[in-house]
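The primary structure of each chain is shown beneath.
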Amino acid sequence: MLTFVGRGWGCARALAPRATGASLLVVPGSRPALTFGAARESWATDRLYSAADLKEKLDMSRFPVENIRNFSIIAHVDHGKSTLADRLLELTGTIDKTKNNKQVLDKLQVERERGITVKAQTASLFHNYEGKQYLLNLIDTPGHVDFSYEVSRSLAACQGVLLVVDANEGIQAQTVANFFLAFEAQLSVIPVINKIDLKNADPERVENQIEKVFDIPSDECIKISAKLGTNVESVLQAVIERIPPPKVHRKNPLRALVFDSTFDHYRGVVANVALFDGVVSKGDKIVSAHTQKTYEVNEVGVLNPNEQPTHKLYAGQVGYLIAGMKDVTEAQIGDTLHLHKQPVEPLPGFKSAKPMVFAGIYPVDQSEYNNLKSAIEKLTLNDSSVTIHRDSSLALGAGWRLGFLGLLHMEVFNQRLEQEYNASVILTTPTVPYKAVLSSSKLIKEYREKEITIINPAQFPDKSKVTEYLEPVVLGTIITPDEYTGKIMMLCQARRAVQKNMMFIDQNRVMLKYLFPLNEIVVDFYDSLKSLSSGYASFDYEDAGYQTAELVKMDILLNGNTVEELVTVVHKDKAHSIGKAMCERLKDCLPRQLFEIAIQASIGSKIIARETVKAYRKNVLAKCYGGDITRKMKLLKRQAEGKKKLRKIGNIEVPKDTFIKVLKTQSSK
Ligand SMILES: Nc1nc2c(ncn2[C@@H]2O[C@H](COP(=O)(O)OP(=O)(O)OP(=O)(O)O)[C@@H](O)[C@H]2O)c(=O)[nH]1
């Protein structure tokens, strides 16, 4: 199937390599000169076409349900999902294998810069196997814990998964978490041991781990090198032989699940759909079960990996649909689309994502409010796991409080806002959703409930009005080589964690389970774990409810003015050390100014830490000896640009990235 008509791929470029794909069965003879529409339906159904023909004609009726496999690749970070996806795309002729393809499905700039997958991506592969033409819909998913919501959504469109495990590192924390997501969704799991080319690869050890932890017989593991392409054909073969076709009915009325969507500046909402029943064609009138609004389908197609319009999509297939939805709120992920006047029982949809971290987001300049609003709306359409609440602050003006699945998720969202929407924002201290049980009847009346959730530390109620505070906790899984266990246990203890379980998954690897207060792991636990285990330990966590905690609100002041971005809620026992660390860090990060700056941490009116930044005159022109006026102008311009990245607190100018730097010290103390 090779797509190549979409942006970035030339048709001609696609033709040659496709026909040479290793396991493709190319039918000799001339290709029928057919076009879209009625004529294409007249393709001989008993004839086996080459992938090149299939791609060119894209008659999706040629793929009966029994010849469709919908599968996902899941794995721990860096175990090689995207590399395996590249090889599968090449092997089926979907992309040109003579090119140096690297993480073709990682399309976002942020993914390429960070070398991680953030968004799940879909690709339809056409593959001829044992005399039959198959449509293999592959969904590449992210590995990092912050993006597991993407994984669980993708799995709703699949019947099976390739569980990729690195032959050297073995099972890691996200391998376990992702396996259970697939297991709970009752999908077929094909274990794939990757990187067997590495010098230290030990595939037999990994086979044993897989058998011990997942109860999958070791002879079901496929050993490959995605990098070199070794044995990757067996993976395709297993996808066809071991994953069942979807259970769907084409004769029933249309039932399409929107499992992802993106916003295109020109065409509006592009919805990724999986068809559970029926057929959808260009020109059909469809209805959103969620909003009950009716639309006309302007375009349907498949992604391989770029958009390739088709005439129709049939039940069992996965593709995209554009139907003139101009407003981002119209395309709800998890929504069911059906034909006009043919209502259906909506599909179950998805559990909404549970945000773990909240942060305030404000435009640097209030005149940018509307632009930022539209950018956030479009980006959240593409990333529905972000929750939005309107918010405002005296110092920062009107803005929002956004909920993220973790700190990496927050950083990636911020980076995407800047890169894809050219937005410049102020982010406040991330905080976890605390709860308070109110004792003050006035407050209970005001909130209309006794137990409130606080996602903005500025609104943290005073102890005198509260019976108890509660903090969110998570059940963390750590997998580590045995030699680091002692150090890791000390780290967990310092983070107020309680050990729940410990098990050897092989002779020298341990799996530890701990109950952690979420705020102790949100910012930098992962970095600390990695550095004390020389990068070998891995970590994943799942929600485990709430526990009582002694919490206090801490302010950071600059010359007596509260820094809104840094208001934070901390555990009482840690207030002093965190306050001190934040002041010290702020001292290191703050550029000196023309006057002295007092940095203080306070709880209520009580100052618990203090640092001072000495006065200093920063004159960029001092660097400019000689009388070159253009150079002087350049330096002044650069200084003016730098000012845009500053925030004024009282009369103190603070670079915006200071706040994130300061926060990174917070939970390590
Ligand atoms: N030696 C060797 N390296 C491999 C192999 N497969 C992947 N890699 C390398 O491992 C690194 C991670 O590969 P990716 O394909 O990006 O891993 P991923 O699982 O998609 O990573 P995330 O998307 O961040 O979760 C890259 O540097 C690859 O080149 C392999 O078979 N052998």
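Look up a bit, the structure's there.
The paragraphs below set out a description of the structure included in this document. Small disclaimer: the values here were computed from a predicted structure and weren't measured. (Residues numbered from 1 in each chain as written. Predicted model: local features only at pLDDT ≥ 70, side-chain atom pairs only at ≥ 80, totals over all residues.)

### Topic: the packing of helix α12 (residues 485-494) against helix α14 (residues 525-532)
Alright, step 1. Where α12 meets α14, the closest approach of the two axes is 10 Å, and the angle between their N-to-C directions is 160 degrees. By the criterion of interaxial angle, the relationship of α12 to α14 is roughly antiparallel. The way α12 lies across α14 gives a crossing that is right-handed. Between α12, through K487, I488 and L491, and α14, the contact on the second element is made entirely by S528, L529 and L532.
Alright, step 2. Broken down by class, the residue content of the contact of α12 with α14 amounts to 4 nonpolar, 1 polar and 1 charged. (Axes fitted to C-alpha atoms, helices over the stretch in contact; angles between N-to-C directions. Helix = DSSP H or I, 4+ residues; strand = E, 2+ residues; numbered from the N terminus. Parallel < 35°, antiparallel > 145°, perpendicular 65-115°, else oblique. Left-handed = near helix turned anticlockwise from the far one by under 90°. Contact = placed C-beta atoms within 7 Å. Nonpolar A, V, L, I, M, F, W, Y, C, P; charged D, E, K, R; others polar.)

### Focus on the pairing of strand β1 (residues 68-75)
Alright, step 1. Within β1, 8 of the 8 residues are buried, which leaves it mostly tucked inside the rest of the structure.
Alright, step 2. Burial along β1 is two-sided: I68, N70, S72 and I74 and R69, F71, I73 and A75, pointing in opposite directions, are all buried.
Alright, step 3. Relative to strand β4 (residues 160-166), β1 runs parallel, the two sharing 5 bridges. Pairing of F71 across the sheet is with G160, part of β4. (Buried ≥ 20, exposed ≤ 12 C-beta atoms within 10 Å, placed from the backbone. Pairing = 2+ DSSP bridges.)

### Here we look at the packing of helix α3 (residues 81-91) against helix α8 (residues 232-242)
Alright, step 1. Two numbers describe how α3 lies on α8: the axes approach to 10 Å, and their chain directions differ by 80 degrees. When the interaxial angle is binned, α3 and α8 end up roughly perpendicular. Contacts between α3 and α8 involve R87, L88 and L91 on the former and, on the latter, V232, E233, V235 and L236.
Alright, step 2. Here the contact of α3 with α8 is composed, by residue class, of 5 nonpolar, no polar and 2 charged.

### Description of the pairing of strand β15 (residues 318-322)
Alright, step 1. Here β15 lies mainly inside the structure; 5 of its 5 residues are buried.
Alright, step 2. Residues V318, Y320 and I322 line one face of β15 and the alternating positions G319 and L321 line the opposite face, and both faces are buried.
Alright, step 3. Two strands pair when backbone bridges link them, and strand β8 (residues 268-277) and β15 are joined in this way by 5 bridges, in the antiparallel orientation. Looking at β15, one finds that A274 is bridged to V318.

### A few points about the environment of A256
Alright, step 1. Its location among the elements puts A256 in strand β7 (residues 255-264).
Alright, step 2. For A256, a count of 30 C-beta atoms within 10 Å gives the class buried.
Alright, step 3. Taking the C-alpha atoms as reference points, A256 and V279, 23 residues apart in sequence, are found 9.0 Å from one another.
Alright, step 4. Residues contacting A256, with those up to four places away along its chain left out, are V273, A274, L275, V280, T336 and L337.

### Examining the sheet that holds strand β12 (residues 299-303)
By way of backbone hydrogen bonds, the strands of a sheet pair with one another, either parallel or antiparallel.
Alright, step 1. Taken in spatial order, the 8 strands line up as β11-β10-β16-β7-β8-β15-β12-β13 in an open sheet, and their pairing is antiparallel. Taken across any chain shown, the strands that pair with only one partner, and hence form the sheet edges, are β11 (294-296) and β13 (307-310). Put simply, the sheet's adjacent strands are angled 40 degrees from each other on average, direction ignored.
Alright, step 2. Of the pairings in the sheet, the one linking β12 to β15 comprises 3 bridges and is antiparallel in character. Across the sheet, E299 pairs through a bridge with I322, a residue of β15.

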